[in-house]
Structure formats: C-alpha cells, structure tokens
Amino acid sequence: MHHMRGSDGAPVARSGNTGELPALKILLPQSGNTIGERVAFVFQADDNIAEMTMSSANPRVHLHVAMDETELMPMADQLIQLGDGRYLYVFDLPAKPGRHTIRLYWADPQHHTISETVQTLNVVVKESK
C-alpha cells in the first residue's frame, strides 16, 4: 500500500494512547553510504512485529517505511526475519540515482506518524552501468 505524506512533509505527533511501542533502529546501511538502485535496509525491533503490520488481523499501531515522499506499509511477509529481532526490508521499486532519505516509524490507526519513533537514514544511490 502506498500513500503520500502531507504537503508539509512533517511527522505528526502521537495521537491517542498507543501504549509502549517496540523500539526501532536502522542498522544498515549507515547514513551517508552509497548503495545500489535496489534499496534495502536492516532494522531492529524489540518484539515480533508481525502483529504490528497491515497484514495483522487488528493492527492498531503499525509499521511504516518511507523513501523520500513515498510511504509504504509493509505486510509481515515482506519483512525477512534475520534473527535476534533483526529484519530486512527491500523496497519493491528501484531508486533513481542521487540522494534519498529513508524513514522507518510506527503510525497510529489513522496512519499518522508517531514522531518520537522516526528513524532516518540518508543514502546516495549510485547510477547503474
């Protein structure tokens, strides 16, 4: 599922009582790295996040990933479990060469960004030959 950020692009503050959320952390690549057009990243979450994706039977808070202005809501089967709470996510479309910002965060049931959970990564996609 895709949707665009608001016109100002700013994260929305937490809305409602979402309770304690598993911490999110992008592990790889590191900010500033040059990567290929097939964009992927490894992240860590404290819990099994399968119940916190849009494929869950009753998602309240759920996972969002974004590259630049395009937001995605991954399904559980799109997250490759690597063990020890680590997951691999691969964007389904190749990225154009240049600078890109990747964000990982929790969103509330209305898809508003829970701002204190946002993890940001800046990468440069190299031109393919």
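Here, the structure is the one placed above.
As a starting point, this report considers the structure included with it. This structure is a prediction, so every number in the text was calculated from the model and none was measured.

Details of the packing of aromatic side chains
Within the structure shown, the criterion is met by 5 aromatic pairs. Measuring from ring centre to ring centre gives 6.1 Å for Phe41 and Phe91, while their planes differ by 45°; the resulting arrangement is tilted. Separated by 50 residues along the polypeptide, Phe41 in strand β4 (residues 40-45) and Phe91 in the loop between β8 (86-90) and β9 (98-107) bring together distant segments of the chain. Each member of the pair, Phe41 together with Phe91, is buried. Between the aromatic rings of Tyr89 and Phe91, the centroid separation amounts to 5.3 Å while the plane-to-plane angle is 80°, which identifies the pairing as edge-to-face. Here the two residues Tyr89 and Phe91 agree in accessibility, since each one is buried.

Points about the sheet that holds strand β2 (residues 24-28)
Pairing within the open sheet is antiparallel, and its 4 strands lie in the order β2-β4-β8-β7. On the outer flanks of this sheet lie β2 and β7 (79-83), each paired with one strand and no other. Across the sheet, the mean angle from the axis of one strand to that of its neighbour is 35°, orientation sign disregarded. For β4 and β8, the ladder comprises 5 bridges, and the chain directions are antiparallel.

Here's the deal with the side chain of Thr117
Note that Thr117 resides in the loop between β9 and β10 (119-125). Classification of Thr117 as buried rests on a relative accessible area of 11%. At 2.7 Å, the side chain of Thr117 forms a polar contact with the backbone oxygen of Ile114. Those residues within four positions of Thr117 in sequence are excluded, and the remaining contacts are Leu21, Leu24, Leu104, Tyr105 and Trp106.

Conventions used here
Residues numbered from 1 in each chain as written. Predicted model: local features only at pLDDT ≥ 70, side-chain atom pairs only at ≥ 80, totals over all residues. Heavy atoms only, no water. Phe/Tyr/Trp six-rings, centres within 6.5 Å; stacked < 30°, edge-to-face > 60°. Helix = DSSP H or I, 4+ residues; strand = E, 2+ residues; numbered from the N terminus. Buried < 20%, exposed > 50% of the residue type's maximum accessible area, 1.4 Å probe, protein only. Pairing = 2+ DSSP bridges. Axes fitted to C-alpha atoms, helices over the stretch in contact; angles between N-to-C directions. Polar contact = N/O pair within 3.5 Å; in protein donor to acceptor, adjacent residues only side chain to side chain. Contact = heavy atoms within 4.5 Å.

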